[in-house]
Amino acid sequence: GPKEAYEVLADKGAELSRKSIPKIFHQSVYAGIYIGFGGMLSLVIGGGLADVSQNNPTIQSFVFAALFPVNLLIIILTGGVLFTGVSAIVPA
């Protein structure tokens with residue numbers, strides 16, 4: 001329930017606040033790099049579908065939308081730290 005979810009967020013926030021500044025900086029830099037990687041992946045592959053999208057214009061948007069979340073998956077799997085996540089868990 002909501003109480004358990006809050007307790008999990010509070011525990012994660014406490015764990016993050018105990019990490020050293022260089023560790024958080026390192027995780028944040030890599031998270032930013034992964035965001036850039038996912039954006040470039042989406043743009044290069046989605047943008048390369050101009051010929052295909054002449055017959056079906058929505059395919060280019062679909063491919064972009066399907067590839068962009070790859071960066072978020074990489075960030076979750078590697079333990080990256082993004083500002084949005086920190087703003088949610090540290091105040092808890």
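For the structure, see preceding data.
As the structure is a computational prediction, the values presented were derived from the model and not from experiment.

Cut-offs applied
Residues numbered from 1 in each chain as written. Predicted model: local features only at pLDDT ≥ 70, side-chain atom pairs only at ≥ 80, totals over all residues. Heavy atoms only, no water. Helix = DSSP H or I, 4+ residues; strand = E, 2+ residues; numbered from the N terminus. Buried < 20%, exposed > 50% of the residue type's maximum accessible area, 1.4 Å probe, protein only. Contact = heavy atoms within 4.5 Å. Areas by Shrake-Rupley, 256 points an atom, 1.4 Å probe, with all protein chains shown as cover. Lys, Arg positive; Asp, Glu negative; His and termini not counted. Charge placed at Lys NZ, Arg CZ, Asp CG, Glu CD. 1 Å grid on protein atoms, 1.4 Å probe; cavity = no way out; pocket = protein on both sides within 12 Å on 5 of 7 lines; lining within 4 Å. Points joined across faces, edges and corners; volume = space filled by probe spheres on them. Nonpolar A, V, L, I, M, F, W, Y, C, P; charged D, E, K, R; others polar. Patch = residues over 30% accessible without salt bridge, like charges linked within 9 Å, V, L, I, M, F, W, Y side chains within 5 Å. Salt bridge = Lys/Arg side-chain N within 4 Å of Asp/Glu carboxyl O. Axes fitted to C-alpha atoms, helices over the stretch in contact; angles between N-to-C directions. Parallel < 35°, antiparallel > 145°, perpendicular 65-115°, else oblique. Left-handed = near helix turned anticlockwise from the far one by under 90°. Phe/Tyr/Trp six-rings, centres within 6.5 Å; stacked < 30°, edge-to-face > 60°. Expected span 1.5 Å × (residues − 1).

Participant: Please explain the overall build of the protein chain as it appears in this structure.
Facilitator: On a plain count of helices and strands, the protein chain comes out with 5 helices and 0 strands. C-alpha extents for the protein chain along the principal axes are approximately 55 × 35 × 15 Å. Per-residue burial for the protein chain yields a buried fraction of 17% across its 92 residues. Relative to all contacts within the protein chain whose residues are 6 or more apart in sequence, the contacts with residues 24 or more apart total 73%. Summed over its atoms, the accessible surface of the protein chain is roughly 6500 Å², and 71% of this surface lies on carbon and sulfur atoms. Charged side chains of the protein chain number 5 positive and 5 negative; the gap between the two group centres comes to 10 Å.

Participant: Looking at this structure, I do not really get the layout of surface pockets. What am I missing?
Facilitator: Rolled over the atoms, a probe as big as a water molecule pinpoints where empty space is left. In this model, the largest pocket occupies a volume close to 390 Å³. Along its surface, the largest pocket is lined by 15 residues, and Lys 12, Gly 79, Gly 80, Val 81 and Ile 89 are the ones closest to its centre. Elements represented by at least two residues in the lining of the largest pocket include exactly helix H1 (2–17), helix H4 (70–78) and helix H5 (83–89). A class-by-class count of the residues in the lining of the largest pocket yields 8 nonpolar, 4 polar and 3 charged.

Participant: Whenever I open this one, a negative patch on the surface confuses me. Can you help?
Facilitator: On the surface, Glu 4, Glu 7, Asp 11 and Glu 15 cluster together into a patch of negative charge. You can see Glu 15 is positioned in helix H1.

Participant: Would you explain the packing of helix H2 (residues 21–47) against H4 in this entry?
Facilitator: To describe two helices that pack against each other, one gives the angle between their axes and the distance between the axes. The geometry of H2 relative to H4 is characterised by a closest axis approach of 8 Å and an angle of 155° between their N-to-C directions. Comparing the axis directions of H2 and H4 gives the class roughly antiparallel. Crossing of H2 against H4: the hand is right-handed. Two secondary-structure elements touch here, H2 through Ala 31, Tyr 34, Ile 35, Phe 37, Gly 38, Gly 39 and Leu 41 and H4 through Val 70, Asn 71, Leu 72, Ile 74, Ile 75 and Thr 78.

Participant: When you look at the environment of Pro 22 in this model, what are you seeing that I'm missing?
Facilitator: Structurally, the position occupied by Pro 22 is in helix H2. A residue is classified by how much of its surface remains accessible, and Pro 22, at 59% relative accessible area, is exposed.

Participant: Is there a simple way to explain the packing of aromatic side chains in this structure?
Facilitator: The way to describe two aromatic rings as a pair is by their centre distance and the angle between their planes. In the structure shown here, the tally under the stated rule is 2 aromatic pairs. Judged by centre distance (6.3 Å) and plane angle (45°), the rings of Tyr 30 and Tyr 34 are tilted. Of this pair, Tyr 30 and Tyr 34 both sit in helix H2, 4 residues apart, roughly one helical turn. Here Tyr 30 falls in the partly exposed class, since its relative accessible area comes to 39%. Ring centres of Phe 64 and Phe 68 lie 6.0 Å apart, and the angle between their planes is 15°; this geometry places the pair in the stacked category.

Participant: What exactly am I supposed to notice about H2 here?
Facilitator: Structurally, the α-helix is built with 3.6 residues per turn, so residues lying three or four positions apart point the same way. Taking 1.5 Å of rise per residue, the 27 residues of H2 would be expected to cover 39 Å, and the 38 Å separating its terminal C-alpha atoms lies within 8% of that figure. The complete set of buried residues in H2 reads Gln 27, Ala 31, Gly 38, Gly 39, Ser 42 and Gly 46. Tucked inside the fold, the buried residues of H2 contact helix H3 (58–67) and H4.

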